[in-house]
Structures are given as C-alpha cells and as structure tokens.
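Structural characterization, general
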Amino acid sequence: PASPAFGVANTVGTGSLSQVVRPFSAPRGRMSMTATAAVNTVKQTPHGGTLIDLMAKTDEEKAAAIAKATVTLQATPRQLCDVELLMNGGFSPLTGFMDETTYNSVVDNMELP
C-alpha cells in the first residue's frame, strides 16, 4: 500500500489554500481505514480588503530604509515575528504597531477605530 502524503500550499492575499491527500490504506487494529484523494480550495481575501505589503523590493528601497534608520533596538524573537508579520501583510490592514488609543479600541470594541 502507498504511504500517506499530505501537502499544503498557501498564498497570502488573493491566492488560495489547497491541501492534497493521496489515497492510502492503513490497518488499525482488526479493522482497516482507507482515505481517498481530496482537494479543497478556499479563496482568501485580506482583512480590510487590502493586503499591506511593506517589504522593500529593490536594493534602492533597502538602502533608503537603512539610511532613514536612526535608532537601533533590541527585540525579542516574538517582537521580530510581529515586525515580520506587519511587513509581509500578516496583520493587514495594520501598517505599524498600534498606539494606546487604537489598542484600547480593539480591546473594547474588537475593531480598529
């Protein structure tokens, strides 16, 4: 029998999320279990309707961003993950960290002001 295979492809924004499972049979106690091929596609749209992409694409954009940096910060791995998610659109429609007023609005009303 074929061994189980599972694959996932994910594209942020207007792409799709797909999963593929190949057919396989696996004994389970006295019974056998059989899975068949399945393909699911789900269209995704970013929250707020627009994917925010803050990544510098060219060497010139990168050089300009470095030149504008005037402060060096120490960040924890969690904070670095948050920065990466802000930059690649994972936190769309946010374009930066929330200030206290925005944060309180989200906590109290579960929405951006």
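Residues numbered from 1 in each chain as written. Predicted model: local features only at pLDDT ≥ 70, side-chain atom pairs only at ≥ 80, totals over all residues. Heavy atoms only, no water.

**Brief notes about the overall build of the protein**
If you tally the helices and strands in the protein, you get three helices and five strands. The linear arrangement of helices and strands in the protein, starting from the amino end, is β-β-β-β-β-α-α-α. Scored against the burial criterion, the 113 residues of the protein give a buried share of 11%. The long-range fraction of contacts in the protein, counting pairs at least 24 apart against all pairs at least 6 apart in sequence, stands at 39%. If you sum the accessible surface of the protein, you get close to 9,400 Å²; carbon and sulfur atoms cover 58% of it. (Helix = DSSP H or I, 4+ residues; strand = E, 2+ residues; numbered from the N terminus. Buried < 20%, exposed > 50% of the residue type's maximum accessible area, 1.4 Å probe, protein only. Contact = heavy atoms within 4.5 Å. Areas by Shrake-Rupley, 256 points an atom, 1.4 Å probe, with all protein chains shown as cover.)

**Considering unusual backbone geometry**
In this structure, the amide linkage connecting Ser92 to the following residue, Pro93, adopts the cis form with an omega of 10°. Of note, Pro93 is situated in the loop between helix 2 (77-88) and helix 3 (100-109). The phi angle at Met110 is positive, at roughly 60°, despite the residue not being glycine. Mapped onto the elements, Met110 comes out in the segment after helix 3.

**As for the pattern of salt bridges**
Under the criterion given, the structure shown has two salt bridges. With its nearest N and O atoms 2.6 Å apart, the salt bridge here joins Lys57 to Asp53. According to the relative accessible area criterion, Lys57 is exposed, its value standing at 55%. Linking Arg78 and Asp82 is a salt bridge whose minimum nitrogen-to-oxygen distance equals 3.4 Å. Here Arg78 and its partner Asp82 are both found in helix 2, four residues apart, which amounts to about one turn of the helix. (Salt bridge = Lys/Arg side-chain N within 4 Å of Asp/Glu carboxyl O.)

**Things to note about the environment of Asn88**
You can see Asn88 is positioned in helix 2. Distance in space between the C-alpha atoms of Asn88 and Met55 is 6.3 Å, their sequence separation being 33 residues. A polar contact is formed between the side chain of Asn88 and the backbone nitrogen of Gly90, at a distance of 3.0 Å. (Polar contact = N/O pair within 3.5 Å; in protein donor to acceptor, adjacent residues only side chain to side chain.)

**Topic: the confidence of the model for the protein**
Mean pLDDT over the protein: 74, with 62% of residues reaching 70 or higher. Looking at the elements of the protein, mean pLDDT is at its lowest for strand 1 (residues 6-10), recorded as 40, and at its highest for helix 3, recorded as 94. (pLDDT = per-residue confidence, 0-100.)

**Digging into a nonpolar patch on the surface**
Together, Met98, Tyr103, Val107 and Leu112 give the surface a local cluster of nonpolar side chains, amounting to about 360 Å² of exposed area. Turning to its location among the elements, Leu112 is positioned in the segment after helix 3. (Patch = residues over 30% accessible without salt bridge, like charges linked within 9 Å, V, L, I, M, F, W, Y side chains within 5 Å.)

**Regarding the side chain of Ser105**
With respect to the helices and strands, the residue Ser105 is situated in helix 3. In this structure the side chain of Ser105 is engaged in a polar contact, spanning 3.2 Å, whose partner is the backbone oxygen of Glu111. Those residues in contact with Ser105, other than ones at most four positions away along the chain, are Met110, Glu111, Leu112 and Pro113.

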